[in-house]
Amino acid sequence: MGQTAGGTEQQVLSASTILVDADENGIRLDRWFRRHFPALGHGALEKLLRTGQVRVDGKRAKAGERVEAGQSIRIPPQLASAPAEKKLPPPTGISDNDRKFVQGLVIHEDSKVIVLDKPSGLATQGGSGITRHVDGLLEGLQAGKKQRPRLVHRLDRDTSGVLVVARTQPAAAALSESLRRRDAQKIYWALTKGVPKPARGVIKLALAKQAGFGKGGRDERMAAVEDDEEGAKHATTHYTVIAHAADQYAWVVLKPVTGRTHQIRAHLAHLGTPIVGDFKYGGEKAKGRGELEDRLHLHARSIDIAHPDGGRLKVSANLPPHMKRAWKLFGFSGADASNPFPERKRHHGAS
């Protein structure tokens, strides 16, 4: 056969192929490129994909497609021949004390999932004025592996309890999908000021973010709105009263169906029975008396979620110290702590 015209042969020879690593299984193609070629912009990648210069297993692909371990990705010559960027090691930024601290929060771990018992007062992620948070401590759980553990959901700063962390990106994708499909049951315990009536029910109340609260009106909170109002998001919470102290306080177990910001707090306040210590939604009524601490008495007690490797992951976290003291004060018994919500059938197909 004759020579290939126009330098095409040289281009083919200059291209290279990279195999998808096992730790990269399941990530989007554009995110794979962001890891390996951080200087390549999204628009430039789209052009390479559109013109067929980037291929997966020899076939054209789209940026949003997910790659699988062992697949070959064709790297065009302009990228293959580009000088490799010097990658600096990520800053450790975590002290030995912080490493021991976050390791002490672990209540379950396996090859794919870590479950933490997050203390009240520790933020899940960073934000304005927040310098210490769970996300910033996860390096302490990396244990020499290539991938840094990652969050798959959040808890409010002052809510304690079960927080699930994925060891790998594929595990994170699987857990996030279970949460999206609501193939997970989260159970919360709360101490309310007043006793919800009826003692068992379902709160269906749309919520929307509203500004103008707090000092100087700089704060935001979730407010009850009509379903058709702008920004309204449907929210549903099942609840049941386990025990109560006269008509002053109640131990309430809750199962949120949706996962709106501050959903449980806003829903209980709407019933007229705010969570003790929740001044954002309950105002002065949320103040506890006597030995009760002025801290949020809301605890993510347990989770039941599909495990990335199959089967179910079921983990519970004990009450934090300030809630243990309240339970002891009111004589609430752990014998009453079984899950009051019936098991529902799970559909593993598309929802």
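Residues numbered from 1 in each chain as written. Predicted model: local features only at pLDDT ≥ 70, side-chain atom pairs only at ≥ 80, totals over all residues. Heavy atoms only, no water.

## Considerations on the overall build of the protein chain
Okay, step 1: Counting its regular elements, the protein chain contains ten helices and 16 strands.
Okay, step 2: Residues classed as buried in the protein chain amount to 43% of the 351 residues present.
Okay, step 3: A separation of at least 24 residues holds for 64% of the contacts in the protein chain among residues at least 6 apart in sequence.
Okay, step 4: Accessible surface for the protein chain amounts to roughly 19,300 Å². Of this, 49% is attributable to carbon and sulfur atoms. (Helix = DSSP H or I, 4+ residues; strand = E, 2+ residues; numbered from the N terminus. Buried < 20%, exposed > 50% of the residue type's maximum accessible area, 1.4 Å probe, protein only. Contact = heavy atoms within 4.5 Å. Areas by Shrake-Rupley, 256 points an atom, 1.4 Å probe, with all protein chains shown as cover.)

## Describing the nonpolar core
Okay, step 1: L116 and L254 are the most contacted members of the largest nonpolar core, which totals 30 residues.
Okay, step 2: Elements represented by at least two residues in this core include exactly β6 (113-118), α6 (134-137), β8 (160-166), β9 (184-193), β13 (236-245), β14 (249-256), α8 (263-270) and β15 (298-306).
Okay, step 3: Beyond its immediate chain neighbours, meaning those up to four positions away, L254 contacts K186, I187, Y188, A190, T237, H238, Y239, I264, L268 and F341.
Okay, step 4: Membership of the second largest hydrophobic core comes to 18 residues, among which are I27, W32, F37 and A63. (Core = buried A, V, L, I, M, F, W, Y, C linked by side-chain atoms within 4.5 Å.)

## Brief notes about helix α10 (residues 321-330)
Given 3.6 residues per helical turn, the α-helix brings residues three or four places apart onto the same face.
Okay, step 1: Turning to α10, its buried residues are H322, M323, A326 and W327. An end-on view of α10 places all buried positions within 140° of arc, on one side of the element. Exposed residues lying more than 90 degrees from the buried face of α10 are P321 and K328.
Okay, step 2: Its buried side turned inward, α10 meets β9, β14 and β15.
Okay, step 3: The positive-phi residue at the C-terminal boundary of α10 is G331, with phi of around 70°. (Arc of directions from axis to C-beta.)

## Remarks on the environment of H244
Okay, step 1: Here H244 lies in strand β13.
Okay, step 2: Look at H244 and you get partly exposed, because its relative accessible area is 49%.
Okay, step 3: Taking C-alpha positions, H244 is 10.0 Å from K193, a pair spaced 51 residues apart along the chain.
Okay, step 4: Not counting residues within four places of it along the chain, the set of residues in contact with H244 comprises V195, Y249, A250 and F332.
Okay, step 5: Side-chain polar atoms of H244 contact the backbone oxygen of A246, separated by 2.7 Å. (Polar contact = N/O pair within 3.5 Å; in protein donor to acceptor, adjacent residues only side chain to side chain.)

## Some remarks on the environment of R154
Okay, step 1: On the secondary structure map, R154 appears in the loop between β7 (150-151) and β8.
Okay, step 2: Sequence separation between R154 and A123 is 31 residues; the distance between their C-alpha atoms is 9.0 Å.
Okay, step 3: Excluding its chain neighbours within four sequence positions, the residues that come into contact with R154 are T124, Q125 and L163.

## Some details on the confidence of the model for the protein chain
Okay, step 1: Overall, the predicted model of the protein chain reaches an average pLDDT of 85, with 85% of residues at or above 70.
Okay, step 2: Mean pLDDT across the secondary structure elements of the protein chain bottoms out at helix α1 (residues 8-14), with 37, and peaks at β6, with 98.
Okay, step 3: Per-residue pLDDT stays below 50 along residues 84-91; that stretch engages in five contacts with residues further than four places along the chain or on separate chains.
Okay, step 4: Contacts from residues 347-351, a stretch scored under 50 in pLDDT, to residues over four places away or in other chains number five contacts. (pLDDT = per-residue confidence, 0-100.)

## Some points on the pattern of salt bridges
Okay, step 1: Counted by the stated rule, this structure contains 15 salt bridges.
Okay, step 2: For R167, the salt bridge goes to E109, with nearest N and O atoms at 2.7 Å. Of this pair, R167 sits in the loop between β8 and α7 (169-180) while E109 sits in strand β5 (residues 106-109); the two residues are 58 residues apart in sequence, bridging distant segments of the chain.
Okay, step 3: A residue is classified by how much of its surface remains accessible, and R167, at 10% relative accessible area, is buried.
Okay, step 4: The partner of R312 in a salt bridge is D304, and the shortest N-O contact between them spans 2.9 Å.
Okay, step 5: A relative accessible area of 28% places R312 in the partly exposed class.
Okay, step 6: Among the charged side chains, a salt-bridge network with shared partners connects D183, D304, R312 and K314. (Salt bridge = Lys/Arg side-chain N within 4 Å of Asp/Glu carboxyl O.)

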